[in-house]
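Okay, here's what each chain looks like letter by letter:
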Amino acid sequence: MTNIWMHIGIGSFQRAHQAWYLHRLLQENTREKWIVAAGGIRKDTAPLLDALSKQDGQYILETITPKGERDYEKITSIQKILPYDDKMQGLVEQGIRPETKIIAFTVTEGGYYLDTNHQLDKSSRDIQSELKGEICTIYGALKAILKERIRKGGQPVTLLSCDNLRHNGERFRNGFIEFLKLSREDQLLEWVRKNTSSPNTMVDRITPRPSADLPERVYGATHFRDAAPVMAESFIQWVIEDHFIDGRPELEKVGVEMVKSVDPWEEAKIRILNSSHSCVAWAGTLAGLSFIHEDVANAEIRKMAWNYVTEDVIPCLTPSPLDLARYRDVVLDRFSNPYIKDTNQRVAADSFSKIPGFITPTLTECYDRGKTPDATAVLSALFFVFLENYVKDLIPYQYQDGIMDQQAVHEMFKAGDPVAEYAGDKMLFGKLAGKPEFVKLLHNKINYLRDWQKKVNN
């Protein structure tokens, strides 16, 4: 029997990362065959799903080294496309089948609707809509799938998060359990506790939005007219806790690291790569730049990221089984790849969920260690100045943020002391919110960055 890896959230990253590993596994002589059935919970995925359906799920992945060496590979692991509909019937019909042993998902950090205490944000409009019967988040989709799976006498299933959320398996699971409690789904809740597992994972591959000229490059190299090609850097990594409830692919055969705990890899990746990525995207935007490689070519911007990691992150994460200084340098080199053309717009998106997830932990731990987090505060201040430019309509692209309350942001900048309002936001800064030393620190860093922006743009 062919086993199914069902994936919800079929964006560029999933197709450049998980689908690539499973494609490589299909080429190995493994005991069991695993293929991907993929769909989405957002209406805007429908055109992509249609395009892939016409190509039998196949597409070309272009990978690019820092030296500009390009490679093209046809990915064949997605062998079933689940068409979008607002009732999620395609997802439900696949999710109840006995051969579906893993339901994985990539929904971005904001798609878990968690507050700074990692609890479900019950006030979210999307969560409130789902409690009234709609389906618009991963929680509602899984509730519909698993209720029907129980009714059909379904077997246990692994629920696998593939997002840049710290402790993603645990935190997804806590959010899902809280959602089921609010939904009064007692039978489903008990089944989920006994018949599902949620391993933590760490995923890594820089995957920009496909450039406009990608289809022609793909055709020139492969003679395949691809309506849904993907591009990514050559670097790739996946670390997973080996805690699957009803079998799994032999992913270790294709380079996936199967471990007891992902914590060291996860903390290094989120705090060094993801946070630095946001840092240079915010700073580059303020400096009038468009691409990540342009940002890190600016010595001052690169120094902001380097100082943040060196002065604050490495001391917080030491001891570690990783060479953190080397990891820092590799990350900055990866950002320097001019051929990826990763945009500040893509990396800066959804920053309201990145502050508490990526940056606040280092702020907090520095204070707990008796150190003022000067270098990390620069990142928090960058986002404030970014927002300041946003409300003045000075950001040179459409900023997209799934959890941003636009009215609240505009109201913040009408306050007598917008910096104090920002620094007092518990959703962003947790237990640091409103503390006088933190408010003062942000005032200083924001004033410095305002002056820096004026200088760099003159």
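Residues numbered from 1 in each chain as written. Predicted model: local features only at pLDDT ≥ 70, side-chain atom pairs only at ≥ 80, totals over all residues. Heavy atoms only, no water.

Caption draft 1: Geometry of the overall build of the protein. Secondary structure summary: the protein contains 20 helices and 12 strands in total. Computed over C-alpha atoms, the radius of gyration of the protein comes to 22 Å, within 12% of the 23 Å expected from 2.2 N^0.38 for 458 residues, which places it in the range of a compact globule. Taken over the C-alpha atoms alone, the protein extends approximately 65 × 55 × 45 Å along its principal axes. In the protein, buried positions account for 58% of the 458 residues. The long-range share in the protein, meaning contacts at least 24 apart out of those at least 6 apart in sequence, stands at 76%. When the accessible surface of the protein is split by element, carbon and sulfur atoms take 47% of a total near 19300 Å². Of the charged side chains in the protein, 58 are positive and 63 negative; the average position of the first set lies 1 Å away from that of the second. (Helix = DSSP H or I, 4+ residues; strand = E, 2+ residues; numbered from the N terminus. Rg over C-alpha atoms; globule rule 2.2 N^0.38 Å. Buried < 20%, exposed > 50% of the residue type's maximum accessible area, 1.4 Å probe, protein only. Contact = heavy atoms within 4.5 Å. Areas by Shrake-Rupley, 256 points an atom, 1.4 Å probe, with all protein chains shown as cover. Lys, Arg positive; Asp, Glu negative; His and termini not counted. Charge placed at Lys NZ, Arg CZ, Asp CG, Glu CD.)

Caption draft 2: Geometry of the environment of histidine 7. Along the chain, histidine 7 turns up in strand β1 (residues 3-8). Between the alpha carbons of histidine 7 and alanine 37 there is a distance of 6.2 Å; along the sequence they are 30 residues apart. When near neighbours in sequence (up to four residues on either side) are disregarded, histidine 7 contacts Gln14, Gln18, Val36, Ala37, Ala38, Gly39, Ala104, Phe105, Thr106 and Cys162. A polar side-chain atom of histidine 7 sits 2.9 Å from a polar atom in the side chain of threonine 106. (Polar contact = N/O pair within 3.5 Å; in protein donor to acceptor, adjacent residues only side chain to side chain.)

Caption draft 3: Expanded view of the nonpolar core. Formed by 75 residues in total, the largest nonpolar core has its most connected members in Trp282, Phe335, Leu382, Phe383, Tyr422, Phe429 and Leu442. In terms of residue count, helix α16 (residues 374-391) provides more of this core than any other element does, 12 residues in total. Apart from the residues within four sequence positions on either side, leucine 382 is in contact with Cys279, Trp282, Ala283, Leu286, Met304 and Leu449. Counting residues in hydrophobic clusters, the runner-up holds 36 residues, among them Tyr112, Leu146, Val157 and Trp191. (Core = buried A, V, L, I, M, F, W, Y, C linked by side-chain atoms within 4.5 Å.)

Caption draft 4: Main features of the pattern of salt bridges. For the structure on display, the rule yields 30 salt bridges. Of the charged contacts in the structure, one is a salt bridge between lysine 253 and glutamate 250, with a shortest N-O distance of 3.6 Å. With a relative accessible area of 41%, lysine 253 lands in the partly exposed category. (Salt bridge = Lys/Arg side-chain N within 4 Å of Asp/Glu carboxyl O.)

Caption draft 5: View of the packing of helix α10 (residues 263-286) against helix α12 (residues 299-317). In contact at an axis separation of 10 Å, α10 and α12 are set at 155° when each is read in the N-to-C sense. Comparing the axis directions of α10 and α12 gives the class roughly antiparallel. The handedness of the crossing between α10 and α12 comes out as right-handed. Between α10 and α12, the contacting residues are Glu267, Ala268, Arg271, Ile272, Ser275, Ser276, Cys279, Val280, Ala283 and Gly284 on the first element and Ile301, Met304, Ala305, Tyr308, Val309, Val313, Cys316 and Leu317 on the second. Looking at the contact of α10 with α12, its residues break down into 13 nonpolar, three polar and two charged. (Axes fitted to C-alpha atoms, helices over the stretch in contact; angles between N-to-C directions. Parallel < 35°, antiparallel > 145°, perpendicular 65-115°, else oblique. Left-handed = near helix turned anticlockwise from the far one by under 90°. Nonpolar A, V, L, I, M, F, W, Y, C, P; charged D, E, K, R; others polar.)

Caption draft 6: Structural view of empty space enclosed by the protein. Tallying each qualifying case throughout the model produces three cavities of 30 Å³ or more. Every residue lining the largest cavity is listed: Ile206, His277, Ile292, His293, Arg334, Phe335, Asn337, Ile340, Lys341 and Asp342. The set of elements that each furnish at least two residues to the lining of the largest cavity consists of α11 (292-297) and α13 (324-335). Looking at the lining of the largest cavity, its residues break down into four nonpolar, three polar and three charged. (1 Å grid on protein atoms, 1.4 Å probe; cavity = no way out; pocket = protein on both sides within 12 Å on 5 of 7 lines; lining within 4 Å. Points joined across faces, edges and corners; volume = space filled by probe spheres on them.)

Caption draft 7: Spatial organisation of helix α15 (residues 351-368). Counted at 1.5 Å a residue, the expected span for α15 with its 18 residues is 26 Å, and the 25 Å between its end C-alpha atoms agrees. The largest bend in α15 amounts to roughly 45° and is located at isoleucine 359, with the proline proline 361 lying one to four residues further along. The element α15 is largely enclosed, with a buried count of 14 among its 18 residues. Backbone geometry just after α15 places glycine 370 at a positive phi near 80°. (Expected span 1.5 Å × (residues − 1). Bend = angle between axes of the 7 residues up to and from the residue.)

Caption draft 8: Structural detail: unusual backbone geometry. At the junction of threonine 318 and proline 319, the peptide bond is cis and its omega measures out at 5° in the coordinates. Turning to its location among the elements, proline 319 is positioned in the loop between α12 and α13. Even without being glycine, histidine 118 reaches a positive phi, approximately 65°. Along the polypeptide, histidine 118 turns up in the loop between β6 (100-105) and α5 (125-131). The backbone of lysine 341 sits at a positive phi, close to 55°, despite the residue not being glycine. Assignment of secondary structure puts lysine 341 in the loop between α13 and α14 (344-348).

Caption draft 9: Broad picture of the packing of α15 against α16. Between α15 and α16, the shortest axis-to-axis distance is 9 Å and the interhelical angle comes to 160°. If you check the angle between α15 and α16, you find them roughly antiparallel. In this structure, the crossing between α15 and α16 has a hand that is left-handed. In this structure, α15 contributes Ser351, Phe352, Ile355, Ile359, Thr362 and Leu363 to the contact, and α16 contributes Thr376, Ala377, Leu379, Ser380, Phe383 and Leu387. For the contact of α15 with α16, the per-class residue count stands at eight nonpolar, four polar and no charged.

Taken by themselves, the reported measurements are silent on function.
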